[in-house]
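Reading the structure
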Amino acid sequence: MKIELCNWHFVAGIALLVAGHASAQNLVVSTIANDFEATASAPPGVGPAGIAVDSSGNLYVADPINNIIEKLSPTGVLQTIAGQSGQRGSENGPAATAHFNGPTGLVLDAAGDIFVADQYNSTIRKITPAGIVSTLAGTPNTFGSRDGPGSSATFSQPTALAIDAAGNIYVADAANVDPSSPSGPSDLVRKIDSNGNVTTVAQIPAPDLYNLQGIAVDRQGDIFVSIGAFDSYWYSVGFPVVYGDAIYEVSTGGTVSVFAGQPEVNGANDGIGVQAQFHNPGGLAVDSGGNLYVADKGNYTIREITPAGVVTTVGGLAGYSGSVDGPGSQARLSGPEALAVDASGNVFISDGRTVRRGIPAINTQSPVRLINLSARSMVAPSSPLIGGFVIEGSCSQTVLARGVGPTLAQFGVSNPLQAPQLDIYAQGGVLVASSANGINTTNSASAAALVGAFPLPEISADAPLVITLKPGAYTAVVSSPNGASGTALVEVYEIP
């Protein structure tokens with residue numbers, strides 16, 4: 001089996017990109033969005049839950065606190081695409097008037113439909129590309145484990161979804177614990193086929209009534225689920241708090257076995273299969289090489305499990321919470337919840353109120369790298385500063401682009417441009433990003449620290465952008481919208 005890698009590097013201003021990875025690689029973690037607004041009632045750090053990514057690099061995020069589904073474009077534009085912020089309900093119809101109640105897991109199908117685990121409605125919802133919301137399976141506020149077509153089926157607080165190549169949807173039916181089951185208490189893994197029929201495909205042992213938190217399916221059809229936090233209902237009636245702390249596998253033949261970790265034994269040890277330990281594992285995602293990523297919430301880390309069951313910590317450091325960008329164990333995560341992997345092997349993480357991205361280290365390595373491009377010149381109303389750069393290959397790349405004016409005074413530059421505007425154009429003069437829209441400026445400080453750029457003051461009239469761009473030729477233009485003249489600097493940094 002041949003696995004191609006998605007390496008990239010700048011050579012004379014050109015980024016060369018190639019695609020996935022075959023073995024465990026540390027992730028280079030960076031923050032790509034941190035402007036998700038929590039409601040006043042949200043606990044500190046509580047934020048986006050489910051996350052999915054499409055072939056164009058758009059991210060879709062389920063926000064269970066605000067009861068909305070959001071879309072984050074590769075150029076950093078964040079918009080609500082379904083639901084009404086702060087309002088709960090189960091209404092279907094046009095996305096702008098539809099309601100959700102604690103949406104969590106998300107998946108996309110090949111047609112661009114978005115499927116949502118609407119947790120507190122105990123339903124699975126569908127959002128079409130045209131923006132129409134419907135209920136695919138389950139009945140709002142009707143809890144149970146009944147199989148059957150569409151609304152005749154019942155769920156109990158489903159939290160996570162996965163989808164296979166045939167379009168079958170797999171559901172981690174989180175709170176469907178039956179303590180009187182002949183085989184002992186168990187959590188349910190459900191399947192919704194292309195006709196909307198719901199069946200139960202596996203029962204995951206849950207002797208102490210913990211629930212399912214993440215689910216993923218590989219190309220062979222094997223299903224993986226994480227068992228983590230104790231279900232809140234059982235806690236409310238007096239049962240002790242327990243964590244599952246393991247990853248289970250459901251084979252295509254229906255056999256259930258522990259894939260990695262030790263049930264009810266928490267820790268942070270790497271190793272093979274049951275030699276490894278987890279602490280409240282959450283979201284799961286599989287890459288094209290069959291590697292399984294785990295959001296190990298209690299350890300504040302991202303773990304990778306190879307198809308052979310080898311567990312490696314690839315992002316964050318166990319026991320150390322924070323929000324620091326960087327490679328491998330130098331990064332800090334505050335509460336990794338859900339994961340998604342794109343075709344290039346990049347891992348997207350919902351982490352507290354932020355969305356982070358982890359690039360496998362091999363994708364940032366090359367024999368030749370040009371760290372950044374920069375040029376300084378006088379800018380006048382009729383004479384902007386222009387710089388060009390090219391991203392080649394098949395994979396999108398995130399860059400830090402900056403139009404610097406006021407901060408140049410700190411370096412002794414006379415007459416710096418006081419209010420620069422930075423615009424990024426694709427071929428044909430298409431505007432893809434502008435500092436005039438305030439896109440991702442709050443992420444520029446961490447990006448600058450990651451690439452070694454000089455810092456800009458927290459309150460600054462400079463114009464930074466953190467943007468993800470498809471392969472192609474681009475122009476970075478620094479102009480003076482208020483008609484002033486002065487010296488400006490344009491910079492483009494690769495973000496590994």
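Reference entry: report on the structure contained in this document.

Thresholds, definitions, all that
Residues numbered from 1 in each chain as written. Predicted model: local features only at pLDDT ≥ 70, side-chain atom pairs only at ≥ 80, totals over all residues. Heavy atoms only, no water. Pairing = 2+ DSSP bridges. Helix = DSSP H or I, 4+ residues; strand = E, 2+ residues; numbered from the N terminus. Buried < 20%, exposed > 50% of the residue type's maximum accessible area, 1.4 Å probe, protein only. Contact = heavy atoms within 4.5 Å. Salt bridge = Lys/Arg side-chain N within 4 Å of Asp/Glu carboxyl O. Core = buried A, V, L, I, M, F, W, Y, C linked by side-chain atoms within 4.5 Å.

**Considering the sheet that holds strand β15 (residues 169-173)**
Taken in spatial order, the 5 strands make up an open sheet running β13-β17-β16-β15-β14, and their pairing is antiparallel. Since the sheet does not close on itself, it has two edges, and those belong to β13 (148-149) and β14 (158-163), each with one partner. By the bridge criterion, 7 bridges tie strand β16 (residues 186-192) to strand β17 (residues 197-205) in an arrangement that is antiparallel. Within β17, the residue paired with Arg 190 across the bridge is Thr 200.

**Topic: unusual backbone geometry**
The residue Asn 67 is not glycine, and still its phi comes out positive at about 60°. Structurally, Asn 67 is set in the loop between β5 (59-63) and β6 (68-72). With relative accessibility at 3%, the residue Asn 67 sits in the buried group. A positive phi angle is found at Gln 157, which is not glycine, with a value near 55°. Of note, Gln 157 is situated in the loop between β13 and β14.

**Some thoughts on the environment of Val 171**
Residue position: Val 171 is located in strand β15. Note on Val 171: relative accessible area 0%, which makes it buried. Through-space distance from the C-alpha of Val 171 to that of Thr 159 is 7.6 Å; in sequence the pair is 12 residues apart. When sequence neighbours within four positions are dropped, the list of residues in contact with Val 171 reads Ile 124, Phe 155, Pro 158, Ala 160, Leu 161, Leu 188, Val 189, Arg 190, Ile 192 and Ile 215.

**Some words on the pattern of salt bridges**
A full pass over the atoms with the stated rule returns 10 salt bridges. Between Lys 297 and Glu 337 there is a salt bridge, with the nearest N and O atoms lying 3.6 Å from each other. On the criterion of sequence distance, the pair formed by Lys 297 in the loop between β24 (292-296) and β25 (301-305) and Glu 337 in strand β28 (residues 336-341) is long-range, its members being 40 residues apart. Residue classification places Glu 337 among the partly exposed residues on the basis of a relative accessible area of 32%. Linking Arg 356 and Asp 325 is a salt bridge whose minimum nitrogen-to-oxygen distance equals 3.0 Å. Taken together, the residues span a long stretch of sequence, with Arg 356 in strand β30 (residues 354-360) and Asp 325 in the loop between β26 (310-315) and β27 (326-327) at a distance of 31 residues. The network of salt bridges with shared partners includes Asp 147, Asp 173 and Arg 190.

**Considerations on the sheet that holds strand β29 (residues 347-351)**
Within the open sheet, the 5 strands sit side by side as β27-β3-β30-β29-β28. Their pairing is antiparallel. Of all the strands in the sheet, just β27 and β28 have a single pairing partner and so form its edges. Relative to β27, strand β3 (residues 27-33) is paired through 2 bridges, and the arrangement is antiparallel. Residue Val 29 lies in a different strand from β27, and its bridge partner there is Gly 326.

**A word on the nonpolar core**
Within the largest apolar cluster, 20 residues are counted, with the highest numbers of intra-cluster contacts made by Leu 422, Ile 424, Ile 467, Leu 469 and Val 478. Looking at this core, the elements that each hand over two or more residues are β32 (385-391), β33 (397-404), β34 (421-426), β36 (463-469), β37 (472-479) and β38 (486-494). Considering each element in turn, this core owes the most residues, 4 residues, to β36. Judged by nonpolar contacts, the second largest core, of 19 residues, contains Ala 202, Ile 204, Ala 206 and Ile 223.

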